[in-house]
Every structure is written in structure tokens, then in C-alpha cells.
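Examining the three-dimensional arrangement
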Amino acid sequence: MTKKDKTIGIQGIAILDHEGDMLAGLGVAEDPRVEEMISDTDWLEESVAQRIRPLLLNDRKLLSLTTRVEGGYCTLMSDSPSDIVLSFFLNVPFAYDIVNHMLTDPYDAMAVVDADEKVAFISPIHEKSLGVQKGEGIGKPVRDVIKHTRLHQVVRTGVAEVGQIFHTKSGDRVVSRHPIRHEGEVVGAIGRVMFKGPQQLEAMTKRIRDLETEIATYKQETRQKVQGEEFLDMIIGQSLAIQSVREQIRKIAPLDIPVLIQGDSGTGKELVAQALHMLSARQSGRLVTINAAALPESLVESELFGYEAGSFTGADRKGRVGKFEQADKGTIFLDEIGDMALETQTKLLRVLQDRMVERVGGDKPKHVDFRLCSATNRDLETFVEEGRFRLDLFYRISPVVISLPSLEDRLEDIPLLINHFAQELARQYSRPVPEISHDVHAYLMEQDWPGNIRQLRHVMERAFVFSEQGRMTVEDFRSQEKQAKPGRAAPAPASAAAAQARSGRRQRPGRYGRASCLGQARSQGGPRGRVARLPGGRPCPDGQGGRRGTGPKGGRRGVRSGSGQNLRRNGHAPVFERPSAHLPAKRERPGHLRSAALGRDRPCGARGRAKGIHEITSS
């Protein structure tokens, strides 16, 4: 028996007359038991009514298909595929009608392919939808009859595809494809396509699309949450202060509200801004960062609002998009906003109020949709009182404030931070992660960290570079002090007075004005090369005395500079007096005034006559 015959499973055939006498029989029909059973006219009439009927013997179970033919009856006998099929035909008298309905259902089309991926059957409704004549596709490769089908893939893989969406010219259809097995081998596949009426199909299609959209939304939200949590995990630490910060970020991020991040330099304000952005609904938009302290006043508008082509000399031919336009549908992060110039604050306030920007050289305002996030290490409330920050702008940027703790307030996080930095540096420099000695944690927790986490990473990086044998010890950190000042011991903490004196000696040349030092030197009768001293006996910062600014022009320029703003900033306020009786008696020449500081006559124009005599005195 060939594989094809085995698949069909025909076991016998019998031809009987009207009286039930067998005229011819083949296969199991020659079995006396079968012949005796099918020769009963009552059995034949019942079988004709049921079409398909079980035929049970002691040693085998068969299915019989009986129909009337001219002059008698014809009965086909085949093996039963399974007990379930046998039970179905045994207990359901109208089983044949059910099968007939399934094959001809106008709303549920069917296609069957054999093991050679050729069409074995196509239901009438499916032939109509495919535009083929009845029986035209039988025996042809399924891909030549049904476009974009996957029945051949099901035959090859033996894997069912249930509830797939099949796109056709007349609309979307729901398709299920199942492999058919016989004795464990795939012998074909069956595909079923659901056809509904226009209204039902439209409602089903809409429901499917709604479900797909809802699933895509859930996937996007899950993806955003996972990515946002990754950025939140970049804020290293388990102290109560950091846990509170992370909890605030989770609560604030979904709300489209301006946030002000306050904290000392190096505490991680930018990481907080990134986490707020990635946990918000604006995650797919851009996070545009602006260093407010570095904005040049002459280019503020072109940088923030952009400019049109040819709006000024040197402008890009195509124009440029401003920062606020770049942040449309996203977040704009204004870092160091406390150092922003007052004029720039006014321009920024207008955008925050109207959410409208107009490019330089343009005449069409554009609406921008962004979330504002600001950061500063300044005390803005004090700045407002001093007139250095606009009160209305302060209210605009700070409905919600997140305060970041300094490293000194979370020393217990140092072990986690240095372990994180060690792994990060190992990846950066392609080196193994070093082992960190236990006493390193205690040593670093005892140090002062004015630079906060940024300083800690700097210290870790230096120690990582110079560590040996894959181990970081306290000596790797202590050696940094010696390397910072070769040949000198590590300086002991200085007193406030000593620090003030040292800072005074380290001021830039001209802090107090070289010409003012020259004036002091000459008033004391010293030579030009002699070191001039400031009020209080301190030497001139540049140590050159009157070597610069000599001569009448230099003297005039130096006295005005030394007796004005430079001295006022250092606590030496200039005193302006008119000629008094204590000055040496001398006939005043027209256009001349006597300088008490220099002890000599000097020409004085309108500026000199207006200001009077400059006398440098110690405060």
C-alpha cells in the first residue's frame, strides 16, 4: 500500500442490490462478519440516512459511507482516525450534515493542502473570493492559487498559526492554519478564513485594530518605564536622602509641571533632569540642555529662538532652529539658571508665559510645547532679595523644587559610589575591575568633599590609574596628595586668617592696581624699583611696585584705577577731598590740582576738576 493509499485509508467496498444481497465486495467487505451486517436492509436504510456510520467489529473499528446507486447500494469502509471521530459519528445522527455545513459555510472558508503542498480542496465560498472556477485549483501548488498564503509553511514546520490577520483586497480576515497528522506524520494542512457580513466584518476589524493599538500603547509604556528606571538607577545610593529623591522623581515625572533642581556643584543635577525626562510622557522627544551661565548676551536670541536665513552677517544660509524649537514635544533643561543675566531672564520669561517663539529676522511666531526643567547651585531666594534674579521668573520655574543632598550628607553611599565608579572606569579603560580594600571605604568617608560626587569620581580615577596588581588601597589615594605638590608634605588645614592672607597674596596682578602701588611708593619717597606696599603694610600683589604705569600718563591712569573700583572691592574705599589747609602751601597753577597720594602737582582736566583730589587711605 502506497503512502497515498495509507493516507486515504479505504479498507473495503461493497455493492448490494435492493434486497441487501452482495453483488461484489473487496477488502474488508469480504469478511463474513461485515457481509452479514451490511446485508441487513434496515441497517442499509439507516446508513443512507446518516451517510457516515461507524461499523464496529471485535478486532477493528471502521467508518462506513453508504449511498444509494441505480439498482441498489454502495458502501465504502475506512479506518476510523480516532476514538473522538468515531464517537462523533456514533453519537451524532446528523454528523454528516455538520461536516457538510463546515465545508459549505459562506462565512467560514476552508482550504486543504496535502503533504506535497498542493491544493486538495477549496470550499465554494473560498473559490469565489479567490476568483477561481469550481475545482480549478485542485492539484496545483497552493502558492499559485492563494496569494500570500502560509499553508505550505505549516506543512513544512508542523506548527499551527492561530488567529493571524490576513490582509486582502476586500479587507482584513482572521485566519487559522493547522497541520494535519496521521500516525505522527504531517500529511497536510487545513486553513480556515472567517468571512462575515460587511457590518460584522467592519466591527470586528475595528475591534482588532483597537486591541492592536492598546497593546502597542502598553508596550510603549512598559518600554518607557523600563528605560526611565534605568536612568533612575544611575542615581547611585541607598541613603534615606537619595531614596527620597528617587521617590520624588517618580511622583513628579509623569506630571507636566516645571521643576527646579537645587544642589551644590557635583551632586548630579543633570542625572535628575534626565530621569525626569525619561520617566515622563515626553520620553520620545528631545532633552535639550542649555548652560544658562554661558549664554553670550549678544547671541541670546539667536541661540534660544533661532534665526532666519540672512537675518544678520555671518548667519547660516539655511537659518537655524533655536533651542526652544528643538525641545518641542520634549524637555528643555536650563542648567545654572541662577547665573543668567537679568536681560536674558526677561526674554526667557516671555517665552515661558506665552509658549511662543519668533526667530531673529522672522515675522511668524511659532507655538512650542515643552516641559521646563531648571537647575542651580545658587540661593535664588537671596538673589531675588538682592535684585539679581527676577521674582516672577522664580515663580515660573519653581512650582516644584527637588533639593539634592551633598555628599557630606550621604557619606554612607560612598562605598556604593566607589564600586560603581570602579566598574565604570574599568569599562572605560578596558581593564579588569580592581579589588577595593575595605579600609578605603572608611578612609574616604573621613575626608571632606566640597566637590561632592564629581570630586569623588576624580579621586577614584586617579587612584584607578596608579593602582597596581588589580587592587586599590588607601596608599593609592594618599599618594595623590604628594603628586599634587611634589617635594612638599600635605598641607595642614589653615586657619581662616591664614587662608585670607594666602588668598590675598595669590590674587592676580593688578588686583589693587599697579599704579596705585606706584603712588604709595612715591608718596613714601622710595625709588621706582622699590616694592610698593598697600595700606596695612602688605606688599603690592605683583611684587613690581612702580615698574609699570610710570610717567605722567601711567600715573594718571593708575591713580584713577587704584582709587576706584579695584580698591573698593578689597575693602579699601577711596576718599575724595577738596584741597585743605594741611597740604603744603603752594601757588596753584590754572588747570592743576595737588594729589595728596602722589605728593606732587599733576595736570588735571575736566575729570580731575570734577572728582577733586584722590587720596588713598586704608579703611
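We now turn to the structure provided with this report. (Residues numbered from 1 in each chain as written. Predicted model: local features only at pLDDT ≥ 70, side-chain atom pairs only at ≥ 80, totals over all residues. Heavy atoms only, no water.)

1. Details of the sheet that holds strand E12 (residues 287-291)
Strand order in the open sheet formed by five strands is E12-E15-E18-E11-E19, with parallel pairing between adjacent strands. Edge positions in the sheet fall to E12 and strand E19 (400-403), since each has one partner strand and no second. Direction aside, the axes of adjacent strands within the sheet are offset by 20 degrees on average. Of the pairings in the sheet, the one linking strand E11 (residues 259-262) to E19 comprises four bridges and is parallel in character. Each bridged residue has a counterpart across the sheet, and for Val259 the counterpart in E19 is Val400. (Pairing = 2+ DSSP bridges. Helix = DSSP H or I, 4+ residues; strand = E, 2+ residues; numbered from the N terminus. Axes fitted to C-alpha atoms, helices over the stretch in contact; angles between N-to-C directions.)

2. Observations concerning a negative patch on the surface
A grouping of Asp264, Glu408, Asp409 and Asp448 is seen on the molecular surface, where their side chains present a negatively charged patch. Turning to its location among the elements, Asp409 is positioned in the loop between E19 and helix H17 (414-429). (Patch = residues over 30% accessible without salt bridge, like charges linked within 9 Å, V, L, I, M, F, W, Y side chains within 5 Å. Areas by Shrake-Rupley, 256 points an atom, 1.4 Å probe, with all protein chains shown as cover. Salt bridge = Lys/Arg side-chain N within 4 Å of Asp/Glu carboxyl O. Lys, Arg positive; Asp, Glu negative; His and termini not counted. Charge placed at Lys NZ, Arg CZ, Asp CG, Glu CD.)

3. Quick look at the packing of H17 against helix H18 (residues 438-445)
Look at H17 against H18: their axes get within 9 Å of each other, and the N-to-C directions meet at 120 degrees. Comparing their axes, H18 and H17 come out oblique. Crossing geometry of H17 relative to H18 is assigned as right-handed. From H17, Ile414, Pro415, Ile418 and Asn419 reach across to H18, where they touch Val440, His441, Leu444 and Met445. Looking at the contact of H17 with H18 residue by residue, the classes come out as six nonpolar, two polar and no charged. (Parallel < 35°, antiparallel > 145°, perpendicular 65-115°, else oblique. Left-handed = near helix turned anticlockwise from the far one by under 90°. Contact = heavy atoms within 4.5 Å. Nonpolar A, V, L, I, M, F, W, Y, C, P; charged D, E, K, R; others polar.)

4. Notes on the sheet that holds strand E4 (residues 61-69)
What links the strands of a sheet is backbone hydrogen bonding, and the strands pair in either a parallel or an antiparallel sense. The five strands are arranged E2-E1-E5-E4-E3 in an open sheet whose pairing can be described as antiparallel. Edge strands, defined here as strands with exactly one partner in the open sheet, are strand E2 (22-27) and strand E3 (52-56). For this sheet, the mean angle separating the axes of adjacent strands, direction not counted, is 20 degrees. Bridging between E4 and strand E5 (residues 72-79) involves eight bridges; their strand directions are antiparallel. Along E5, the bridge assignment pairs Leu63 with Ser78. Sheet strands touched by helix H3 (residues 41-50): strand E1 (10-17), E3, E4 and E5. Its angle to E4, the strand with the most contacts, is close to 90 degrees.

5. Details of the packing of aromatic side chains
Under the defined criterion, the tally for this structure stands at four aromatic pairs. Ring centres of Phe305 and Phe324 lie 6.1 Å apart, and the angle between their planes is 25 degrees; on these two criteria the pair is classed as stacked. Of the two residues, Phe305 is situated in helix H12 (residues 300-305) and Phe324 in helix H13 (residues 323-326); the sequence distance between them amounts to 19 residues. Of the two residues, Phe305 and Phe324, neither departs from the other in class, the shared state being buried. When the centroid spacing of 6.0 Å and the interplanar angle of 55 degrees are considered together, the rings of Phe394 and Tyr395 count as tilted. Using a relative accessible area of 55% as the deciding quantity, one classes Tyr395 as exposed. Against the face of Phe370 rests Arg355, its NZ or CZ located 4.2 Å from the ring centre. Geometry around Phe383 places Arg388 over its ring, the cationic atom sitting 4.1 Å from the centre. (Phe/Tyr/Trp six-rings, centres within 6.5 Å; stacked < 30°, edge-to-face > 60°. Buried < 20%, exposed > 50% of the residue type's maximum accessible area, 1.4 Å probe, protein only. Lys NZ or Arg CZ within 6 Å of the ring centre and 35° of its normal.)

6. Regarding the pairing of E2
Where E1 and E2 come together, five bridges link them in antiparallel fashion. Each bridged residue has a counterpart across the sheet, and for Gly12 the counterpart in E2 is Gly27. Hairpin connection of E1 to E2: four residues between the antiparallel strands, including Gly20 at a positive phi of 90 degrees.

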